[in-house]
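Listed below are the residues making up each chain.
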Amino acid sequence: MNPGKFITLEGIEGAGKSSHLAFIESWLKSKGLIVVRTREPGGTPLGESIRQILLDHRNTAMASDTELLLMFAARAQHLAELIKPALARGDWVLSDRFTDATYAYQGSGRAISSERIGVLENWVQGTLRPDLTILLDVPVDVGLQRAAERGEKDRFEREQAEFFARVREGYLSLARSTPGRYRVVDASCPLADVQDQIRITLEAWCQ
């Protein structure tokens, strides 16, 4: 049995990941693939409990290192319980965020060095990396306006625009440094146009 493929979807708040994740899942299933859809932080009962701690807007005193370690604690469980078993079965895993989000948010956003993040990445993941990462890129002001329309903000959504500008640039820097894995999609376009970009990307990548 061939191992499955691992696709991740990344982007700042308001990039539309939830809507486009469903579109990607549907497209992959239309090709006869078995798809496991998941998210980070989360994906497992333990991971979802950690997610609640990370997103709770009352946890304003959380240190950056605590945030980083909680992200990787949830990820370690996610890999052991869901991602690795699914890939071993030959399923395709589709995740709303993965370690690139850590480099963007805790690295570029919180100013934690990429070297420190890399130590945890190698410890928790070994050699496992996504096969394809689709970055939904959107201007910060557009993303935050969209996010504001969703209701009460979580702990990350309450950050200032300058934070998200650093996160966005962190993502774009990752895309520039790993062009073989990354595909950047302009997510500021209307929904149908964004999905056309994603479909074209998937068709080209899956050939």
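Our subject is the structure that appears above.
None of these values were measured; they are calculated from a predicted model.

**What about helix H7 (residues 161–177)?**
Then, in step 1: The terminal C-alpha atoms of H7 lie 24 Å apart, and with 17 residues this matches the ideal 24 Å at 1.5 Å per residue to within 8%.
Then, in step 2: Among the residues of H7, Phe-163, Phe-164, Val-167, Gly-170, Tyr-171, Leu-172, Leu-174 and Ala-175 are the ones counted as buried.
Then, in step 3: Packing partners of the buried residues in H7 comprise strand S1 (6–10), helix H4 (99–109), strand S4 (132–137), helix H6 (140–148) and strand S5 (182–186).

**A look at the environment of Gly-126**
Then, in step 1: Note that Gly-126 resides in the loop between helix H5 (114–125) and S4.
Then, in step 2: With a relative accessible area of 34%, Gly-126 lands in the partly exposed category.
Then, in step 3: Expressed as a C-alpha distance, the spacing of Gly-126 and Asp-65, which sit 61 residues apart in the sequence, is 21 Å.

**Structural notes on H5**
Then, in step 1: The end-to-end C-alpha distance of H5, which contains 12 residues, comes to 15 Å, matching closely the 16 Å that a straight helix rising 1.5 Å per residue would cover.
Then, in step 2: Residues of H5 that are buried include every one of Ile-117, Gly-118, Leu-120, Glu-121, Val-124 and Gln-125, and no others. Along the long axis of H5, the arc covered by the buried residues comes to 165 degrees, so they all point the same way. Opposite its buried face, H5 presents the exposed residues Glu-115, Val-119 and Trp-123, each directed more than 90 degrees away.
Then, in step 3: Contact partners of the buried residues in H5: helix H3 (64–89) and H4.

**Regarding the sheet that holds S4**
Then, in step 1: Read from one edge to the other, the open sheet built from 5 strands follows the order S2-S3-S1-S4-S5, with strand pairing classed as parallel. Strands at the two margins of the open sheet, each flanked by one partner only, are strand S2 (35–39) and S5. Strand after strand, the sheet turns through a mean of 20 degrees between neighbouring axes, direction not considered.
Then, in step 2: Where S1 lies against S4, 4 bridges are found, and the strand directions are parallel. Bridge pairing in S4 links Ile-7 to Leu-132.
Then, in step 3: In the packing of helix H8 (residues 191–206) onto the sheet, contacts are made with S1, strand S3 (92–96), S4 and S5, and the angle to S5 comes to roughly 160 degrees.

**Quick word on the nonpolar core**
Then, in step 1: Counting 57 residues, the largest nonpolar core has Tyr-105, Ile-134, Leu-136 and Tyr-171 as its most contacted members.
Then, in step 2: Among the elements that take part in this core, H3 stands out by supplying 9 residues, more than any other.

**Quick word on the pairing of S3**
Then, in step 1: Summarising burial for S3: 5 of the 5 residues are buried, a large majority.
Then, in step 2: Here S1 pairs with S3 via 4 bridges, running parallel. In the sheet register, Leu-9 faces S3, and the bridge partner there is Asp-96.
Then, in step 3: The sheet contact formed by S2 and S3 spans 5 bridges and is parallel.

**Details of the packing of aromatic side chains**
Aromatic ring pairs are defined here through the distance separating the ring centres and the angle between the ring planes.
Then, in step 1: Inspection of every chain in the model, using the stated rule, returns 6 aromatic pairs.
Then, in step 2: An aromatic cluster of at least three residues, connected via ring pairs, comprises Tyr-105, Phe-156, Phe-163, Phe-164 and Tyr-171.
Then, in step 3: We note Arg-75 situated over the ring of Phe-98; from NZ or CZ to the ring centre the distance is 5.3 Å.

**Some details on the pattern of salt bridges**
Then, in step 1: Taken as a whole and judged by the stated rule, the model has 20 salt bridges.
Then, in step 2: Between Asp-96 and Lys-17 there is a salt bridge whose closest N-O contact spans 3.1 Å. Residue Asp-96 is located in strand S3, and its partner Lys-17 is located in helix H1 (residues 17–30); the two are separated by 79 residues in the primary sequence. Lys-17 shares its class with Asp-96; the two are buried.
Then, in step 3: Here Glu-203 and Arg-199 are joined by a salt bridge, their closest N and O atoms 3.4 Å apart. Residue Glu-203 and its partner Arg-199 are both found in helix H8; the two are separated by 4 residues, about one turn of the helix.

Definitions and cut-offs
- Residues numbered from 1 in each chain as written.
- Predicted model: local features only at pLDDT ≥ 70, side-chain atom pairs only at ≥ 80, totals over all residues.
- Heavy atoms only, no water.
- Helix = DSSP H or I, 4+ residues; strand = E, 2+ residues; numbered from the N terminus.
- Expected span 1.5 Å × (residues − 1).
- Buried < 20%, exposed > 50% of the residue type's maximum accessible area, 1.4 Å probe, protein only.
- Contact = heavy atoms within 4.5 Å.
- Arc of directions from axis to C-beta.
- Pairing = 2+ DSSP bridges.
- Axes fitted to C-alpha atoms, helices over the stretch in contact; angles between N-to-C directions.
- Core = buried A, V, L, I, M, F, W, Y, C linked by side-chain atoms within 4.5 Å.
- Phe/Tyr/Trp six-rings, centres within 6.5 Å; stacked < 30°, edge-to-face > 60°.
- Lys NZ or Arg CZ within 6 Å of the ring centre and 35° of its normal.
- Salt bridge = Lys/Arg side-chain N within 4 Å of Asp/Glu carboxyl O.

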